[in-house]
Amino acid sequence: MQAAICYYSGSGNTELACEYLAQRIEAVPFDLVDITESDQPDLEPYDVVGFATFTDFFAPPQRFQTFLTSLSPQKGDYAFVFNTYGSFSGKTLKVLADLAAARGYRIMLGHSLHTPESYPPLNALGITSESAPKPRELDAFEEFVERLTTKIETLQAGGEPEIEGVKLKLFQRLMPALPRTTSQTLMGDKHVDAQRCTECGTCVAVCPYEAIHLNPKPVFDEARCYGCWACYNHCPEQAIHTTRYRDVGHYATPNAELQEKLAG
Ligand SMILES: Cc1cc2nc3c(=O)[nH]c(=O)nc-3n(C[C@H](O)[C@H](O)[C@H](O)COP(=O)(O)O)c2cc1C
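Below is a short write-up of the structure. The structure displayed is predicted, hence computed values, not measured ones.

What counts, and where the lines are drawn
Residues numbered from 1 in each chain as written. Predicted model: local features only at pLDDT ≥ 70, side-chain atom pairs only at ≥ 80, totals over all residues. Heavy atoms only, no water. Axes fitted to C-alpha atoms, helices over the stretch in contact; angles between N-to-C directions. Helix = DSSP H or I, 4+ residues; strand = E, 2+ residues; numbered from the N terminus. Parallel < 35°, antiparallel > 145°, perpendicular 65-115°, else oblique. Left-handed = near helix turned anticlockwise from the far one by under 90°. Contact = heavy atoms within 4.5 Å. Nonpolar A, V, L, I, M, F, W, Y, C, P; charged D, E, K, R; others polar. Expected span 1.5 Å × (residues − 1). Buried < 20%, exposed > 50% of the residue type's maximum accessible area, 1.4 Å probe, protein only. 1 Å grid on protein atoms, 1.4 Å probe; cavity = no way out; pocket = protein on both sides within 12 Å on 5 of 7 lines; lining within 4 Å. Points joined across faces, edges and corners; volume = space filled by probe spheres on them. Near = heavy atom within 4 Å. Polar contact = N/O pair within 3.5 Å; in protein donor to acceptor, adjacent residues only side chain to side chain. Areas by Shrake-Rupley, 256 points an atom, 1.4 Å probe, with all protein chains shown as cover. Sits in = over half its atoms within 2 Å of the grid points.

1. Description of the packing of helix α1 (residues 13–24) against helix α5 (residues 135–156)
Move 1: Between α1 and α5, the least distance of the axes is 10 Å, while the angle of their chain directions is 45 degrees. Viewed along their axes, α1 and α5 adopt a mutual orientation that is oblique. Note that α1 runs across α5; the crossing there is right-handed. Residues A17, Y20, L21 and R24 of α1 form the contact with α5, whose participating residues are F141, E142, F144 and V145.
Move 2: Here the contact of α1 with α5 is built from residues that sort into 6 nonpolar, no polar and 2 charged.

Here it is, written out as structure tokens:
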């Protein structure tokens, strides 16, 4: 048997959690597929596929939703869904499950893991969730790992795992869907500090919406920008800023505490 996790991670929290999952579930070898590097991966060889990303305005990022909706239709392959979130996961897990189910996957189960906050405006306010996940949240994650392992072992033994699907709590179900433009509107215009910018191209490489090119400094295509803050978070010189946020709230990689918790 073979398994894969297709993931999209802005700052590495989700990627780290996927690595942890792959390491902990010894029953089957996992391939980790970064969908920003492989947009149309061949998922045919896999018996189980995971779809994992982070919460972006209470839903999966547009980039990952586009990936899921463009997947080739399946005939009932087994899947699971997973997301990390910094404050409130909203409908993320359910949207992931519904989009994967619409492509023909059978969603065995799903889990949302509380992790440090990567959204700069919240970090700037001191809302960082820097110690997430708390012990009980880690326990719940561990329980998810065990339930997933059991289902994979059932499949290996030729059985049919129970399809639990994904359930949201009432307050999550009541969350309104936000317009696609919310994130970009709140981010507002981006600017480049010409003194700091070294024209290294990191912003171009990390932008998942192909909204930046160099000329020779970064130029932003506001119509393509989704407001994901990847350019702001990842610029090694912190040369990219917005009208309201500068030199504050960056989250480029998983913090040391999370790395330690998910060291495996
Ligand atoms: C643009 C943006 C929007 C976000 N929106 C939410 C949100 O609505 N709810 C939430 O709990 N976390 C939100 N977050 C925080 C991330 O979901 C969280 O920090 C996650 O662990 C980041 O995962 P990553 O490191 O794999 O990108 C947002 C982060 C960004 C960058």
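2. What about α5?
Move 1: With 22 residues, α5 extends 31 Å from end C-alpha to end C-alpha; this agrees with the ideal 32 Å at 1.5 Å per step.
Move 2: All of the buried residues in α5 are E137, F141, E142, F144, V145, L148, T149, K151, I152 and L155.
Move 3: Tucked into the core, α5 has its buried residues touching α1, β2 (30–34), β3 (48–54), β4 (78–85) and β5 (106–114).

3. As for the environment of L148
Move 1: Secondary-structure assignment places L148 in helix α5.
Move 2: Accessibility expressed as a relative area gives 0% for L148, which makes it buried.
Move 3: Residues in contact with L148, not counting those within four places in the same chain, are I25, F80, M108 and L109.

4. Observations regarding the side chain of H241
Move 1: Residue placement: H241 occurs in strand β9 (residues 240–242).
Move 2: With near-sequence residues (within four places) excluded, H241 lies in contact with D189, K190, H191, V192, D193, Y232 and R246.

5. A look at the layout of surface pockets
Move 1: Estimated volume of the largest pocket: approximately 610 Å³.
Move 2: Along the walls of the largest pocket sit 26 residues, with L93, H111, S112, K169 and Q172 positioned nearest its centre.
Move 3: Those elements that place two or more of their residues in the lining of the largest pocket are β5, α5 and α6 (170–173).
Move 4: Its residues placed into classes, the lining of the largest pocket shows 10 nonpolar, 9 polar and 7 charged.
Move 5: Quantified by volume, the second largest pocket comes out at close to 520 Å³.
Move 6: Together, 29 residues line the second largest pocket, and T55, D56, E117, S118 and Y119 are the ones closest to its centre.

6. Re the site of the ligand
Move 1: In the neighbourhood of the ligand, 24 residues make up the surrounding shell, with S9, T14, T55, F88 and T115 lying closest.
Move 2: Here an oxygen atom of the ligand and a side-chain polar atom of S9 are 2.6 Å apart.
Move 3: Here an oxygen atom of the ligand and a side-chain polar atom of T14 are 2.6 Å apart.
Move 4: In isolation the ligand exposes 650 Å². Once the protein is present, 96% of that is buried.
Move 5: Put simply, the ligand lies in the second largest pocket.
Move 6: A class-by-class count of the residues in the shell around the ligand yields 9 nonpolar, 13 polar and 2 charged.

So yeah, pure geometry; function would need other evidence.
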